[in-house]
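Analysis of the macromolecular model
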Amino acid sequence: MLMKLIPNFKGMDFFPHDLRLPFMRYKDLAIGLSVLAMVLSLGLFFAKGLNYGVDFKGGSMVELQANNGVADVAALRDKLGSLGLGGVQIQSFGGPSDVLIRIEEQPGGEVAQQAGLKKVIDAVGSGYTQRRVEVVGPAVSSELRTTGLIAVVCGILAIVAYVWFRFEWQFAVGAVVALSHDVLVVVGIFSLFQFEFDLSTVAALLTILGYSVNDTVVVSDRIRENLRKYKRMELNELLNLSINETLSRTILTGVTAIAVLISLYIFGGEVIRNFNFTMLVGVIIGTYSSIFIAAPLLGYLGVKRDWSDQAAKNAAPSKA
Amino acid sequence: MLHFTRLKTIAVLLTCLAGLLFAMPNFFTKESVATWPNFIPKQRLNLGLDLQGGAHLLLAMDQDEIKKDWMVNLRDSARRSLRDAKIGYSALGIQGTQLQVRLTKPEDQEAALKDLRKLIQPIGNAILGSSGNDIEVTEGSEPGTITMSLTEQGLKARVASAAASSIETVNRRINNLGTSESTVVRQGTDRILIQFPGLQDTAELKKLIGETAKLTFHEVHPSLTAEDAKLTAIPPGYKIYPGTGDEGGEYLLRETPVVPGEDLADSQPGFDSRDGQPVINFRFNQAGARKFGAFTKENVGRPFAIVLDDKVLSAPVIREPILGGSGQISGNFTVESTNRLAVQLRSGALPTKLTIVEERTVGPSLGADSISAGKTAGVIGGIAVVFLTILAYGTFGIFAVVGLFVHLMLTLAIMTVMGSTLTLPGIAGLVLGVAMAVDANVLIYERIREELRTGKPPISAIDAGFQRAFITIADSQLTTLACAMIMFWLGSGPIRGFAVTLTIGIITSIFASVTVVRLLISQWIKAQPKGRGAIKVPV
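Just so it is clear, the structure is predicted and the values come from calculations on it, not from any experiment.

What about the overall build of chain B?
- When its secondary structure is counted, chain B shows 14 helices and 20 strands.
- Computed over the C-alpha atoms, the radius of gyration of chain B is 35 Å, more than 25% above the 24 Å expected from 2.2 N^0.38 for a compact globule of 539 residues.
- Counting only C-alpha atoms and orienting by the principal axes, one finds that chain B spans roughly 115 × 65 × 40 Å.
- Per-residue burial for chain B yields a buried fraction of 41% across its 539 residues.
- A separation threshold of at least 6 residues defines the contact pool for chain B, and within that pool the share at least 24 residues apart is 69%.

Right under this line is the structure:
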């Protein structure tokens, strides 16, 4: 019936399936580079710090749109610079009519933030329409910093607990190192380029964790399967085989995710650009870490080779 | 695994149909949905303030102020009950959350303790029973002293009731701004969240909730002025109050008001009949009218003070007893400020001052821009996914795309039915859900290809592909689910919205990308010509 209407045609199988890239041969190099990247990121974080957004630093942010279509950044700078509010940053945002004004946290607690904002809005006058206002007081910003950090750490812990439960502790170690690597390197990139780090960045970090662990689990699953299948194969060779076998999936899913993210980055609007950029970077790093960190670590840690009883147990639920 | 019973097929199809039906209203305008017949669901997804525009204000109550007010009340009650019991005391002092009582005669301690313990009130309600007392009354360290201290539970209960009444008051005040779509809820222990869709200019809102608006009427000290009292000593029970703005000056008033703010029944903005200045006309309830009548009768010719938020608005002289229970307040008002003050007074005083600790306002134009940008990006991203999937997997790719469509519809339908709110981060969660769904199909199809390469016949290769890939899919989805749960549990606002859509997306992706796609493939197999080697797997 309906099915007859759908033409039968084959998809393109892009990948040469007998490809056996020697990933494991370069594991020392890859892990060395990754450790270097992590150390550099940590160093940057402590030396340069992060360019925290309003969410974490406190203060205010106002997005304005010029009613006549052209925002005069220089004039605004003149007007707002003399208000005595400390650091007031003005930058154009998106199109020529939009500007983003950031006012640093005012001394004097919660009330002072509102007072500072009011001064700016009064000074800007009626030539502009407010499109977005964000004011975060000192109490909330410190809470958001804490919950943000806890959320990332707990996210990693929850994932590790699950991986440990489903696999073996060596896999969990691989996952925790890979995930920490992803988070650290993204934070390092934010520190190096002084990109704004706010609540949406944390949400993106959590999403990256989700994506990266997804990758790691797929590779780990294949490793476990091959451990049962090839009981005598040398471990590094087996790991290499597993990575290669899942490579077509890793690349296809990665390309699809990146295509969607690029579309979101270009067309998704100014407000979530920061988020999408973080995701793009994270997907690439997350894919790298599953191949070059999580799996090779198993080569160092070694892993239980006899999975026969485990295999019997796992065969039952897989029918569900 | 590829076989579906008739019942199961029908169940899967019905689920898809229900998803489509409940998701549908989101694709039409509100107006056209309203004209649909009644049997079609009409509920639409709530859009978060970041998408539809509006104001989000997080307010904090001042816990210290609540404590202080309570301590002052406690001191007044203690003073009254000691006086009624004719027990002499030499000191009644507030130290933090403790009230120290020093009796004149140490031998009165037993009696005083018994008397002051009558002030203890149990916390709790009729249903759940009492969970403790609000204050503790104990013997002090020295003979003849008594310590009254607030308990932790007592404070909690106070803060809770202050939050509840603040919410009511804030609600009444902002209902005067027009639309009633706003929501006011408690967050955490001492915070209140106002969400006001569609509101862009928050200046008036902030002014309305920025004042406690506690209006009280006080007796002015008959002989001493504030300046005199400062030089000598402030008589017990009296306190110095500042005047407002221009008038300045200070007043020595009895601290306990003649008529408390709660006795105000109504207030309206008006104009003075003589000079046309803006004034507030007010009316007391019965109890207030009686108290005010009695007081003005006894004090003709003397001044009394009208105090707003601990500042003296005016201190007119009583010319004749005011028995009707209504009056007029003049001050340095403008028409705008009388309008606002009348609303504030009518809505009742806030139990404590509210401070804005977080504000996020999105103008409707930005929200609309975000939605249209999201749509454009979604459509282009969607086309990219459809193109890549069909390019890579041919006919089976088409099935995967159908599965993706079902996945999106079901996610939207569940969110609509649950009444959850779609925010900008929520859209990101939706996108990650799509990525997970695509990944599920990629895993299955790559596996089928592998099985085919080992030389398995088509149908068993497909079957094995689904079975083997399912373990991996379940593992990867469950770990992401664990991550989403943590985000939901810990996260505030934006992170939560993300976690909710992601969770729903993961659950529906297992159904849509695995079950629905499997059903499609099993139908496809049935439609193929029978016979050995006739089926060519188009993947």
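Still to come is the rest of the account.
Some details on the nonpolar core
- Counting 203 residues, the largest nonpolar core has A:Ile159, A:Ala175, B:Val434 and B:Met487 as its most contacted members.
- When residues in this core are grouped by element, the largest group, 18 residues, is from helix 11 (residues 364–418) of chain B.
- Discounting residues that sit within four places of it in the chain, A:Ala175 has contacts with A:Ile159, A:Val160, A:Val163, A:Val213, A:Thr216 and A:Ala294.

Some thoughts on the domain arrangement of chain B
- Looking at chain B, the domain boundaries give domain 1 (6–51 + 363–527), domain 2 (63–157) and domain 3 (211–359).
- Its C-alpha centre places domain 2 of chain B at a distance of 30 Å from the equivalent point of domain 3 of chain B.

What about the interface of chain B and chain A?
- The interface of chain B with chain A comprises 71 residues on the first partner and 67 residues on the second.
- Elements with a minimum of two residues in the side of chain B that touches chain A: strand 2 (54–61), strand 19 (354–362), helix 11, helix 12 (424–453), helix 13 (458–490) and helix 14 (493–527) of chain B.
- It is helix 11 of chain B that contributes the most residues to the side of chain B that touches chain A, 20 residues altogether.
- A class-by-class count of the residues in the side of chain B that touches chain A yields 41 nonpolar, 20 polar and 10 charged.
- With five bridges joining them, strand 5 (residues 128–136) of chain A and strand 19 of chain B adopt antiparallel strand pairing. Its bridge partner lying in strand 19 of chain B, A:Glu134 is registered against B:Arg360.

Conventions and cut-offs
Position numbers for residues start from 1 in each chain and track the written sequence from start to end. Chains and ligands are labelled by the order in which they are written, letters from A for the one and numbers from 1 for the other. For a predicted model such as this one, the threshold for reporting local features is a pLDDT of at least 70, and the threshold for listing and counting side-chain atom pairs is 80 or more; totals across whole chains, interfaces and linings nevertheless cover every residue. Going along the chain from the N terminus, every DSSP run of H or I of four or more residues is numbered as a helix, and every run of E of two or more is numbered as a strand. With the radius of gyration taken over C-alpha atoms, the globule rule is written as 2.2 Å times the number of residues to the power 0.38. Exposure criterion: with C-beta atoms placed from backbone coordinates, a residue whose C-beta has 20 or more other C-beta atoms within 10 Å is buried, one with 12 or fewer is exposed, and one in between is partly exposed. Contacts are defined on C-beta atoms placed from the backbone: any two residues whose C-beta positions lie within 7 Å are in contact. Connectivity within a nonpolar core runs through C-beta atoms within 7 Å, and the core itself is a set of buried Ala, Val, Leu, Ile, Met, Phe, Trp, Tyr and Cys residues. Domains are outlined according to an automatic or database domain assignment. For this scheme, ten residues count as nonpolar: Ala, Val, Leu, Ile, Met, Phe, Trp, Tyr, Cys and Pro. Four count as charged, namely Asp, Glu, Lys and Arg, and the remainder, Gly too, count as polar. The criterion for strand pairing is that DSSP finds at least two bridges linking the strands in question.

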